[in-house]
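# A look at the structure
Here are the chains, one letter per residue:
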Amino acid sequence: MENTVLHKSNTRGHANHGWLDSHHTFSFANYHNPDRMHFGVLRVLNDDRVDAGMGFGTHPHDNMEIISIPLEGDLEHKDSMGNTTVIKKGDIQAMSAGTGIFHSEYNKNSDRLTKFLQIWVYPNKKNVMPRYDQITLNTEDRHNKLQQILSPNADDDGVWIHQDAWFHLGTFDNGFKSEYQLKKAGNGIYAFVIKGDFTIGNIALNERDGLGIWDTNLIEITANSVDAEILLMEVPMAM
């Protein structure tokens with residue numbers, strides 16, 4: 001397929017801090033790869049594992065849309081807006097940092113680790129009022145179909161952010177075929193395999209692989225394993 005970029009899981013940046021084991025699809029912290037700065041407005045895709053009783057201390061963000069998707073275990077969130085919440089598998093968290101926000105994230109459990117995806121998206125508006133949103137989804141609604149988990153619209157399914165982006169999650173039976181129609185001209189799509197194996201077009205993807213596609217309005221997806229799980233992120237390609 002033309003107009004694609006493939007990021008195999010074993011080519012990602014890696015940082016192991018002991019309590020935190022993180023794989024970076026795009027340049028982040030001490031991992032700097034000039035060929036992997038972003039995909040359109042998708043700036044960060046971190047695949048994080050946080051040990052029991054550990055977490056990220058209070059730290060600042062500004063002018064970024066930050067999305068957290070728990071995959072296993074749970075994570076306590078505290079921020080400077082007064083929110084204290086726990087996100088767990090099945091939840092989606094979105095935070096508009098805007099003019100500035102401080103927050104912390106901790107795995108308060110003493111007996112199990114937490115795994116989650118941390119995603120940063122450049123906003124289409126700067127210096128907005130900071131905001132926080134969290135919802136719990138019915139994971140059965142993504143069996144053999146794509147469940148929308150994020151959009152630009154507060155009245156639409158999922159959380160919303162300040163960007164013309166749409167995220168979907170799907171869990172598929174072996175051999176199940178699906179397709180995704182892009183919602184806005186000029187957008188691209190970045191697929192990240194959470195579990196199992198897929199084929200998109202004629203490109204084979206395995207667990208934790210990523211594939212970016214642009215200059216297309218439709219992609220075809222085939223699951224090649226049982227309970228294969230994928231995240232699709234449609235984002236503007238123009239910064």
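Everything below is about the structure shown above.
In this text, all values refer to a predicted model and were calculated from it rather than measured experimentally.

Here we take up the sheet that holds strand E16 (residues 177-181). Pairing is antiparallel across the open sheet formed by four strands, whose spatial order is E16-E21-E18-E19. The two strands at the open ends of the sheet, each matched to only one other strand, are E16 and strand E19 (203-205). The mean angle between the axes of side-by-side strands here comes to 25°, regardless of whether they run parallel or antiparallel. Note that strand E18 (residues 198-200) and strand E21 (residues 218-223) share three bridges and pair antiparallel. Directly across from Phe198, in E21, lies its bridge partner Ala223.

Given two aromatic rings, their pairing is described by the distance between the two centres and the angle made by the two planes. Enumeration according to the criterion identifies eight aromatic pairs in this entry. Taken together, a centroid distance of 5.4 Å and an interplanar angle of 75° make the contact between Phe28 and Trp120 edge-to-face. Highlighted residues: Phe28 in the loop between strand E3 (20-24) and strand E4 (42-50) and Trp120 in strand E11 (residues 114-121), separated in sequence by 92 residues. By relative accessible area, which is 15% here, Trp120 ends up buried. Connected via pairs of aromatic rings, a cluster forms that spans Phe26, Phe39, Tyr190 and Trp214. The ring of Trp160 carries the charged tip of Arg131 above its face, separated from the ring centre by 3.7 Å.

Moving on, we come to unusual backbone geometry. Unlike most non-glycine residues, Asn127 shows phi in positive territory, near 60°. Positionally, Asn127 belongs in the loop between E11 and strand E12 (131-136). Taking relative accessible area as the criterion, Asn127 reaches 51% and is therefore assigned exposed. Its identity as a non-glycine residue notwithstanding, Asp227 has a phi of 55°, on the positive side. Structurally, Asp227 is set in the loop between E21 and strand E22 (228-236).

Thresholds, definitions, all that
- Residues numbered from 1 in each chain as written.
- Predicted model: local features only at pLDDT ≥ 70, side-chain atom pairs only at ≥ 80, totals over all residues.
- Heavy atoms only, no water.
- Pairing = 2+ DSSP bridges.
- Helix = DSSP H or I, 4+ residues; strand = E, 2+ residues; numbered from the N terminus.
- Axes fitted to C-alpha atoms, helices over the stretch in contact; angles between N-to-C directions.
- Phe/Tyr/Trp six-rings, centres within 6.5 Å; stacked < 30°, edge-to-face > 60°.
- Buried < 20%, exposed > 50% of the residue type's maximum accessible area, 1.4 Å probe, protein only.
- Lys NZ or Arg CZ within 6 Å of the ring centre and 35° of its normal.

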